[in-house]
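# Structural overview for review
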Amino acid sequence: MSYLSLIDVEKTYASSAPAVRHVSLEIERGEFVTFLGPSGSGKTTTLSMVAGFILPSSGRIEVGGQDITHVPPHQRNIGMVFQDYSLFPHMTVEENIAFPLRMRGMSKRDITSRAGEALEIVGLSGFGHRLPVQLSGGQQQRVAIARAIVYRPAILLMDEPLGALDRLLRDRLQLEIKQIQREMGITTLYVTHDQGEALTMSDRICVFNEGEVVQVGTPSSIYEKPSNVFVAGFVGESNFLECRVLTRKSGSPGNTYVLAFPDSAPVTVQSECILPVHSEAIAVVRPEHIRVEPTFIQPQPAEAAIQATIRDIIYRGESSSLQAVLRSGQTVTVRIPSRSVVLSPNQEVHLVWETRDTVLLPNDKRPEAVIEAAE
Amino acid sequence: MLRKSSWLIAPCLAYMLVMYVTPALIMLYSPFQISVESGFTALGEALVEPSYQRVMMTTFRTALVVTVLAVLLGYPTAYYLSRLPSEKVGKYMLLIMFPLWTSLLVRTYAWIALLQDSGVINSTLMSANLISNPIRLLYNSGSVAIGMVQILLPYAIITMYSVMVGIKPRLSQTAQVLGASPTRAFWHIFLPLSLPGLSAACLLLFIMGLGFFVTPALLGGRRDMMVGTLIQQQVVLLGDWDSASLLSIMLLAATIILLFVYSRFARLENLVPASK
Ligand SMILES: Nc1ncnc2c1ncn2[C@@H]1O[C@H](COP(=O)(O)OP(=O)(O)O)[C@@H](O)[C@H]1O
Ligand SMILES: [Mg+2]
């Protein structure tokens, strides 16, 4: 049975479109679930409803089968970490961490030992007497984490906790947070707009767009089987190739489609998605799944090949990003290891990929719009 | 860039030097004109002069009472304003500033009209047969306090607001998820963080209260004379500039000592709303 449930939760701020619509989620005890989505997609609003800062306009929230929708924040036993750390500036590190314990009426001795433990967990023993302003951003966030877990809350909420930190520190804290979370077995809701962060940390990812949850799944299922164009564009890089359904053969596990691309022989693709014959569709292919053949070779039966002209090669360290233009004018991005680049701009090539790496989606949205939103 | 344009403050500086600093110094210098020793002797005598001491006590007591009242009244208002979204604060601020744009004399005489024996309050009470003789509402320390509080209140609110507005609402939210009820979040987080504003308002009002003249002169009685009134009498009625100067020195010294003590505990900049 799930531990934390959001049941058809909705929030409309005064006189505007709903900020969060029909959000239903079932979260297991000890699970690490990430809310991923562009800014303004309703992640903070949803988290604030779980924390109790905002009352849902409709729907309810349950923890362990109990309705907590109307329970005030201080009675929810939830821990929370914000992007701006939100440490109490007039209290020392130790007093900050002791605060939730004091509010729970714990004895002085217990408070001291528990706060000491929490400081040790976040690697800040010896910093107890400093004031927050005397700490770096990363240290402040560690204190905020210690403060949020010191009373062993049932649920931990984190709203872009690493958003204000630099890359290296972020990578380290990602691992540390994940480790603490796993050791304490604490049910965690984590908000980020960084897909890389979501993919590395989460047990499950819940992708938000325009106030709605558009896909929920494990990191690998989100990345490998995006269920719509938005997710495919937001999580990782994607090429969206327009095509048309020629024939469909129903079967199990999925349907077999024959697709027509401009400038290519028909391509056979397996998909669980249901598309009518003759409809327009989008084939999603990840840049790292495409390889470039300088000369034409007959594609294998399980491969697809499209003619293209190289426009640009962008060096990115370990890999290079290749921009190739199809006859239709569409640009396709290919990711290849930098050391194997033997190509030059304006060269005619063939782009080849295995058909099982294709994700087929209905063409209901202009992919450009999605890519812009993702950026 | 900034250094080069510092001549911009020169006109104002020159004006203040000529029009404020010089006359103030001349005034303060007056008892020391004959000799420095005789000046200090006179100052020593003034300090132990019983009638001066009584006036000084009244002045300090009145300033204290007025400060406490105005800060108590102003704190909840400043708190409320500081929690409003910033775009909504403007119109409230206008309302708070408005009394400052009304002539001090008008406001003070209005109180006389209200409180005097034949004033609105007494005549209403008498016509309602609640009292048979007018109550003496005017010319006592109560009427002075009422008059001064309503003049000082805007300064109290603005000074406290400017510190409170810097306290992030997020902190109170955080305290609540951590297990503090809204009331406890206020006592543990907001109140301590607002103390610099509270103390600045207290100091500012107390200093302003010490030097008040018009309101205590018009609304106060002879027995509760404040030092401002006494100084005025020394000059206008008795032509005794030296005494007036000695009293001014005592007032100025009190102000400087208060500022000094405050600066040991908090930033003097808190006294100026614009500084952040
Ligand atoms: N207090 C508020 N009042 C009105 N609208 C708000 C408020 N907070 C958020 N919104 C709106 O709700 C939507 C979702 O915001 P938010 O939950 O903060 O998104 P995210 O955290 O994903 O960036 C946005 O369109 C935002 O403008
Ligand atoms: Mg947000």
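Quantities reported herein were computed from a predicted structural model and do not represent experimental measurements.

A separate point is the pattern of salt bridges. Under the defined criterion, the tally for this structure stands at 19 salt bridges over all chains. With a closest N to O distance of 4.0 Å, Asp84 of chain A and Lys168 of chain B form a salt bridge. Remark: Lys168 of chain B occurs in the loop between helix H7 (141–164) and helix H8 (169–177) and Asp84 of chain A occurs in the loop between strand S6 (78–82) and helix H2 (93–103); the pair is interchain, linking two chains. Overall, Asp84 of chain A belongs to the partly exposed group, its relative accessible area being 30%. Close ionic contact of Glu303 of chain A with Arg291 of chain A constitutes a salt bridge, the shortest N to O distance being 2.9 Å. One end of the pair, Glu303 of chain A, is in strand S16 (residues 303–316); the other, Arg291 of chain A, is in strand S15 (residues 291–293), with 12 residues separating them in the sequence. On the basis of relative accessible area, Glu303 of chain A is assigned to the buried category, the value being 15%. Of the residues examined, Arg291 of chain A reaches a relative accessible area of 32% and is grouped as partly exposed.

Residue pairs three or four apart in sequence face the same way in an α-helix, which turns once every 3.6 residues. With 13 residues, helix H4 (residues 137–149) of chain A should cover 18 Å at 1.5 Å per step; its first-to-last C-alpha distance of 19 Å lies within 8% of that length. With 12 of 13 residues buried, H4 of chain A is to be regarded as a mostly interior element. Listed in full, the buried residues belonging to H4 of chain A are Gly138, Gln139, Gln140, Gln141, Arg142, Val143, Ala144, Ile145, Ala146, Arg147, Ala148 and Ile149 of chain A. Contact partners of the buried residues in H4 of chain A: S6, H2, helix H3 (108–121), strand S7 (155–159) and helix H5 (167–184) of chain A together with H8 of chain B.

The next subject is the side chain of Thr92 of chain A. All names here are of chain A. Here Thr92 shows up in the loop between S6 and H2. A relative accessible area of 17% places Thr92 in the buried class. Excluding anything up to four places from it in sequence, Thr92 contacts Gly128, His129, Arg130 and Leu131.

This model, assessed by the stated rule, comprises zero disulfides over all chains. In this model Cys273 of chain A remains outside any disulfide bridge; the closest cysteine sulfur is found in Cys243 of chain A, 10 Å from its own.

A few words on the domain arrangement of chain A. Residue and element names in this part refer to chain A. In terms of domain boundaries, chain A breaks down into domain 1 (4–231) and domain 2 (238–374). Facing the 10 residues of domain 1 at the interface are 11 residues of domain 2. Between domain 1 and domain 2 the total buried area reaches about 890 Å² when both faces are included, carbon and sulfur atoms providing 63% of it. Here domain 1 is connected to domain 2 by zero salt bridges. Inspection of the domain 1/domain 2 interface yields two residue pairs in polar contact (both at pLDDT 80 or more). At the level of secondary structure, the elements contributing two or more residues to the side of domain 1 that touches domain 2 comprise helix H7 (219–224) and helix H8 (229–234).

A few words now on the nonpolar core. Counting 78 residues, the largest nonpolar core has Phe88, Ile97, Phe99 and Ile177 of chain A together with Met160 and Ile189 of chain B as the members making the most contacts within it. Examining the composition of this core, we find that 12 residues originate from one element, H7 of chain B, more than from any other. In this view, Phe99 of chain A contacts Phe88 and Met91 of chain A together with Ala175, Leu178, Ala180, His188 and Ile189 of chain B; residues no more than four positions away in its chain are not counted.

Glancing now at the packing of aromatic side chains. Applying the stated criterion to the full structure yields 15 aromatic pairs over all chains. Aromatic pair Phe53 of chain A and Phe82 of chain A: ring centres 6.4 Å apart, planes at 20°, arrangement stacked. Of this pair, Phe53 of chain A sits in the loop between helix H1 (43–51) and strand S4 (58–63) while Phe82 of chain A is found in strand S6, placing the two residues 29 residues apart along the sequence. Look at Tyr80 of chain B and Tyr92 of chain B: their rings are 6.1 Å apart centre to centre, the planes differ by 80°, and that puts the pair in the edge-to-face class. On the criterion of sequence distance, the pair formed by Tyr80 of chain B in helix H3 (residues 50–82) and Tyr92 of chain B in helix H4 (residues 86–97) is long-range, its members being 12 residues apart. On the basis of relative accessible area, Tyr92 of chain B is assigned to the partly exposed category, the value being 30%. Chaining the aromatic ring pairs together yields one cluster made of Tyr75, Tyr79, Phe186, Trp187 and Phe190 of chain B. Over the ring of Phe88 of chain A we find Arg147 of chain A, and its NZ or CZ is 4.7 Å from the ring centre. Its end group placed over the ring of Tyr223 of chain A, Arg286 of chain A keeps NZ or CZ at 4.0 Å from the ring centre.

Residues and elements named next belong to chain A. With five of five residues buried, S6 lies mostly within the body of the structure. Burial along S6 is two-sided: Ile78, Met80 and Phe82 facing one way and Gly79 and Val81 facing the other are all buried. Relative to S7, S6 is paired through five bridges, and the arrangement is parallel. When the bridges of S7 are listed, Met80 appears paired with Leu157.

Bringing a nonpolar patch on the surface into the picture now. Residues Tyr15, Met16, Leu17, Val18, Met19, Tyr20, Val21 and Leu25 of chain B make up a contiguous nonpolar surface patch of roughly 830 Å² in combined accessible area. Examined against the element boundaries, Leu17 of chain B turns out to sit in helix H1 (residues 10–29).

Conventions adopted
Residues numbered from 1 in each chain as written. Chains lettered and ligands numbered in written order. Predicted model: local features only at pLDDT ≥ 70, side-chain atom pairs only at ≥ 80, totals over all residues. Heavy atoms only, no water. Salt bridge = Lys/Arg side-chain N within 4 Å of Asp/Glu carboxyl O. Helix = DSSP H or I, 4+ residues; strand = E, 2+ residues; numbered from the N terminus. Buried < 20%, exposed > 50% of the residue type's maximum accessible area, 1.4 Å probe, protein only. Expected span 1.5 Å × (residues − 1). Contact = heavy atoms within 4.5 Å. Disulfide = S-S within 2.5 Å. Domains from an automatic or database assignment. Buried area = accessible area lost by both parts, 1.4 Å probe. Polar contact = N/O pair within 3.5 Å; in protein donor to acceptor, adjacent residues only side chain to side chain. Core = buried A, V, L, I, M, F, W, Y, C linked by side-chain atoms within 4.5 Å. Phe/Tyr/Trp six-rings, centres within 6.5 Å; stacked < 30°, edge-to-face > 60°. Lys NZ or Arg CZ within 6 Å of the ring centre and 35° of its normal. Pairing = 2+ DSSP bridges. Patch = residues over 30% accessible without salt bridge, like charges linked within 9 Å, V, L, I, M, F, W, Y side chains within 5 Å. Areas by Shrake-Rupley, 256 points an atom, 1.4 Å probe, with all protein chains shown as cover.

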